[in-house]
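Commentary on secondary and tertiary structure
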Amino acid sequence: MTHHLVVTAIGENRAGIVNKVARQITDSGCNIVDSRLGIFGNEFTFILLLSGSWNQITRLETTLPLFGQSQALITMMKRTQVLSQPSYALSADIELVVADRPGIVNRCTQFFSDGGWDLQAMQSQTLAGIESGKFQAHFQLNLPEQLTDGEVENAVDRLCRELECERHRLRLKRK
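Residues numbered from 1 in each chain as written. Predicted model: local features only at pLDDT ≥ 70, side-chain atom pairs only at ≥ 80, totals over all residues. Heavy atoms only, no water.

What to know about the overall build of the chain
Regarding its fold elements, the chain presents 4 helices and 8 strands. Compactness check: the chain gives a C-alpha radius of gyration of 20 Å against a globular reference of 16 Å for 175 residues, more than 25% above the reference. Its C-alpha atoms give the chain principal-axis dimensions of about 50 × 40 × 20 Å. Expressed as a percentage of the 175 residues in the chain, the buried residues total 34%. Residue pairs in contact within the chain that sit at least 24 positions apart in sequence constitute 71% of those at least 6 positions apart. Surface exposure of the chain reaches about 10,500 Å², of which carbon and sulfur atoms provide 50%. Of the charged side chains in the chain, 18 are positive and 19 negative; the average position of the first set lies 6 Å away from that of the second. (Helix = DSSP H or I, 4+ residues; strand = E, 2+ residues; numbered from the N terminus. Rg over C-alpha atoms; globule rule 2.2 N^0.38 Å. Buried < 20%, exposed > 50% of the residue type's maximum accessible area, 1.4 Å probe, protein only. Contact = heavy atoms within 4.5 Å. Areas by Shrake-Rupley, 256 points an atom, 1.4 Å probe, with all protein chains shown as cover. Lys, Arg positive; Asp, Glu negative; His and termini not counted. Charge placed at Lys NZ, Arg CZ, Asp CG, Glu CD.)

Take a look at the structure:
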């Protein structure tokens, strides 16, 4: 039987550190099923979904904390099961650019939650350079299938008016 483990490693971004984490996982016999890497300031965050036998997962659970300490990493782990995603007939990609201020992500996620919109991925950042002082966010969502394209467009327009978006883009996809 295949077991699954979610692992997060956080530490100072330095050359080769991601390879060291990946090697520790491989040496335990686990497989990387899915992963995300982000650089925030001078720190990296590595989030992984791993699979393996009970023995392989247990081996990693016992060796990763000491490995993390030796590499000045914060590590967290949690056993999980592979999610069997319900089939969504409608998905949306939303990109927003607004003046940067506190509360934007909170307002967007509250809006999605209130509408029963299932947030699948999110990426946001404060922009620099020519767009300094602006905030950009990208959301990937699964939507209730009873919504029409027009209802989604109107809802996103309302959100953008409330946030005073400088620009936005909505892409809908029916499956």
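Let us keep going from here.
Overview of the pattern of salt bridges
Tallying each qualifying case throughout the model produces 9 salt bridges. Of the charged contacts, one joins Glu-61 and Arg-79 as a salt bridge, the two residues approaching to 2.8 Å between their closest N and O atoms. Of this pair, Glu-61 sits in helix 2 (residues 54-70) while Arg-79 sits in strand 4 (residues 73-80), placing them 18 residues apart in sequence. Taking relative accessible area as the criterion, Glu-61 reaches 24% and is therefore assigned partly exposed. In this structure Arg-79 comes out as partly exposed when scored by relative accessible area, which is 29%. Beyond isolated ion pairs, a larger network of salt bridges with shared partners links Asp-93, Glu-95, Arg-169 and Arg-171. (Salt bridge = Lys/Arg side-chain N within 4 Å of Asp/Glu carboxyl O.)

Focus: the packing of helix 1 (residues 17-27) against helix 2
Close contact between helix 1 and helix 2 brings their axes to 10 Å; oriented N to C, the two are set at 150 degrees. In this view, helix 1 runs roughly antiparallel relative to helix 2, as classed from their interaxial angle. Pair helix 1 / helix 2 crosses with right-handed handedness. The residues of helix 2 that touch helix 1, namely those facing Lys-20, Val-21, Gln-24, Ile-25 and Asp-27, are Arg-59, Leu-60, Thr-63, Leu-64 and Phe-67. Residues that form the contact of helix 1 with helix 2 fall into these classes: 5 nonpolar, 2 polar and 3 charged. (Axes fitted to C-alpha atoms, helices over the stretch in contact; angles between N-to-C directions. Parallel < 35°, antiparallel > 145°, perpendicular 65-115°, else oblique. Left-handed = near helix turned anticlockwise from the far one by under 90°. Nonpolar A, V, L, I, M, F, W, Y, C, P; charged D, E, K, R; others polar.)

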